[in-house]
Amino acid sequence: MKWRASRRLPILISNRYISNLYQRQRLHFTTFLRKVQPTKARAYAGGGGANGSNGSSSRGNSFLVPGATVATIFMLGALHGRRMYEDKKIEEAREKGVELEFHPDVKASFLRLLPLRSISRLWGSLTSMELPIWLRPYIYKAWAQAFHSNLEEIGLPLEEYTSLRGFFVRTLKEGSRTIDSDPYCLVSPVDGIVLRFGELRGAGAMIEQVKGFSYSASSLLGASSFLPMIAAEDTREENGEKENTMRDEKQRSWWRISLASPKVRDTASPMKGLFYCVIYLKPGDYHRIHSPVDWNVLVRRHFTGNLFPMNERAARTIRNLYIENERVVLEGQWREGFIALAAIGATNIGSIELYIEPTLRTNQPRKKLLHPLPPEERVYEPEGTGIMLKKGDEIAAFNMGSTVVLVFQAPISQASTEKSNSSEFKFCVKRGDRIRMGEALGKWHE
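Given the structure is predicted, the values throughout are model-derived calculations rather than measurements.

**Some details on the state of the cysteines**
Point 1. Tallied over the entire structure, the rule returns 0 disulfides.
Point 2. With no disulfide partner, cysteine 428 has as its closest neighbouring cysteine sulfur the one in cysteine 185, 6.4 Å distant.

Here's what the structure looks like:
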């Protein structure tokens, strides 16, 4: 009993001391904000309109800063410090010509213990709170400086973005992005960095996460995906007749093949001319997702999952990062066959807004289950027409920055002659390139 009594006393003293310290710090912080608050903002808060209603409603709280503002300031500082440290390490490795390989570490295991979905919802609530008008330019400029956002191309004055969330999904000025009008061109759907791209070959249609670890395209898109695959035994038949008819078969058989064999994807191989591209969006990038081509969106799948970070360190240390995280997949058809776009969420980015389906809600509270739930799927129009999108149309938005993966069919050469090679799809980018929405990812000639 004596031991227990001696343990309680320091705790009571500590709580009282912390409470007094918090009150003093809060007073000092409020006094500081009163000093830095611009005179114009004070006049606005106290003036009001013709009837003085604005002044009376804001006079009582003109000097009060919401807790969300304080949390935002500290979060900006923490994110900026983390970004600078990681960028320095990655840049040093690139200068030495070292390609970092997959290597799990303790941090990856620790992240699995954290309630990242709840943390992301909390962050979403904080960033959705309205900021004082006078403080908005300071917050947004600090964010732009920390994450290299271009404030000259934003569509509205800074004061008109009521919250950080509104600033994250900001629109751009007219003419800030030029959509490549070449009909034989596939454009980038986002602003970001090209991490990986190439043609899918071999069993399972594997996409490289980092050097030393890959995941299958069917795992990313779902078991019921329309991904055009062929049985493994058929890939051994490489006669000239099959090669000459392959391109015609792609146009009409990719849907039938996918529905007939969803369970043999890991042993099946992709059809010829199936490509992929992975683009990473940083927190400071433009966060809206646009259509890369003219296409018909037929199906949407929503995968609930984890919300691990999607930066380069996470990609090197977390297995199956792209297929474990929550994501929204759109599938459909364009002039060259199959196409899919996967928008992958991340920590603090659990909310993915889908403009073509405004009722979709992501990162909702859920019970923790031993096994992941199957994706929630919606067929937009069973007749097969779907939702028609033009190149450059807005599709969705991230609330900070994350990753987009494109998987698509494109033309390939049918012979080894120079003339036929001119019709082959070729990427216009390199790994590590910064690309803007509307710029060409790849081109071909009819």
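**Notes on the nonpolar core**
Point 1. Counting 42 residues, the largest nonpolar core has Ile207, Leu220, Tyr322, Val405 and Val407 as its most contacted members.
Point 2. Those residues within four positions of tyrosine 322 in sequence are excluded, and the remaining contacts are Leu195, Gln209, Tyr215, Leu220, Val278, Met310, Arg327, Ile344, Thr403 and Val405.
Point 3. By size, the runner-up hydrophobic cluster in this structure holds 37 residues, among which are Phe425, Phe427, Val429 and Ile435.

**Points about the pattern of salt bridges**
Point 1. Under the definition given, this model contains 19 salt bridges.
Point 2. A salt bridge links glutamate 326 to arginine 117; the nearest nitrogen and oxygen atoms lie 2.8 Å apart. Pair noted here: glutamate 326 is in the loop between α12 (321-324) and β10 (327-334) and arginine 117 is in helix α6 (residues 116-128), with a separation of 209 residues, a long-range link.
Point 3. What emerges from the salt-bridge pattern is a single network uniting Glu153, Arg177, Asp191 and Arg436.

**Quick notes on the side chain of histidine 290**
Point 1. Mapped onto the elements of the fold, histidine 290 is located in strand β8 (residues 288-290).
Point 2. Of the polar contacts made by the side chain of histidine 290, one reaches the side chain of tyrosine 286; its length is 2.9 Å.
Point 3. When sequence neighbours within four positions are dropped, the list of residues in contact with histidine 290 reads Pro189, Leu341, Gly392, Asp393, Glu394, Ile395 and Met437.

**Observations regarding the sheet that holds strand β19 (residues 440-443)**
Point 1. Sheet architecture is open: 3 strands sit in the order β1-β19-β17, paired in antiparallel fashion. Edge strands, defined here as strands with exactly one partner in the open sheet, are β1 (185-187) and β17 (426-427).
Point 2. Here 3 bridges tie β1 to β19, and the two strands are oriented antiparallel to one another. Counted as the bridge partner of valine 187 is alanine 440 from β19.

**Some remarks on unusual backbone geometry**
Point 1. Backbone geometry at histidine 148 places phi at a positive 60°, although glycine is not the residue there.
Point 2. Among the structural elements, histidine 148 can be located in the loop between α7 (136-147) and α8 (164-168).
Point 3. Residue histidine 148 is classed as exposed on the basis of its relative accessible area, which comes to 60%.

**Quick look at the packing of aromatic side chains**
Point 1. Overall, the coordinates contain 16 aromatic pairs when judged by the stated rule.
Point 2. Relative to phenylalanine 167, the ring of tyrosine 140 lies with its centre 4.6 Å away and its plane at 5°, an arrangement referred to as stacked. Placement of the pair is tyrosine 140 in helix α7 and phenylalanine 167 in helix α8, with a sequence separation of 27 residues. Phenylalanine 167 carries the same exposure label as tyrosine 140, and that label is buried.
Point 3. Connected via pairs of aromatic rings, a cluster forms that spans Tyr184, Phe197, Phe275, Trp334, Phe408, Phe425, Phe427 and Trp444.

**Notes on the confidence of the model for the protein**
Point 1. Per-residue pLDDT for the protein has a mean of 75; in total, 65% of the residues score no lower than 70.
Point 2. This stretch, residues 32-64, has a pLDDT under 50; its non-local contacts, to residues over four places away or in other chains, come to 28 contacts.

**Observations regarding the sheet that holds strand β12 (residues 352-354)**
Point 1. With antiparallel pairing, 3 strands are arranged side by side in an open sheet as β8-β15-β12. Of all the strands in the sheet, just β8 and β12 have a single pairing partner and so form its edges. The average angle at which neighbouring strand axes cross in this sheet is 20°, direction not considered.
Point 2. Bridge count between β12 and strand β15 (residues 394-398): 3 bridges; the pairing is antiparallel. Paired with isoleucine 352 across the strands is phenylalanine 398, a residue of β15.

Conventions and cut-offs
- Residues numbered from 1 in each chain as written.
- Predicted model: local features only at pLDDT ≥ 70, side-chain atom pairs only at ≥ 80, totals over all residues.
- Heavy atoms only, no water.
- Disulfide = S-S within 2.5 Å.
- Core = buried A, V, L, I, M, F, W, Y, C linked by side-chain atoms within 4.5 Å.
- Buried < 20%, exposed > 50% of the residue type's maximum accessible area, 1.4 Å probe, protein only.
- Contact = heavy atoms within 4.5 Å.
- Salt bridge = Lys/Arg side-chain N within 4 Å of Asp/Glu carboxyl O.
- Helix = DSSP H or I, 4+ residues; strand = E, 2+ residues; numbered from the N terminus.
- Polar contact = N/O pair within 3.5 Å; in protein donor to acceptor, adjacent residues only side chain to side chain.
- Pairing = 2+ DSSP bridges.
- Phe/Tyr/Trp six-rings, centres within 6.5 Å; stacked < 30°, edge-to-face > 60°.
- pLDDT = per-residue confidence, 0-100.
- Axes fitted to C-alpha atoms, helices over the stretch in contact; angles between N-to-C directions.

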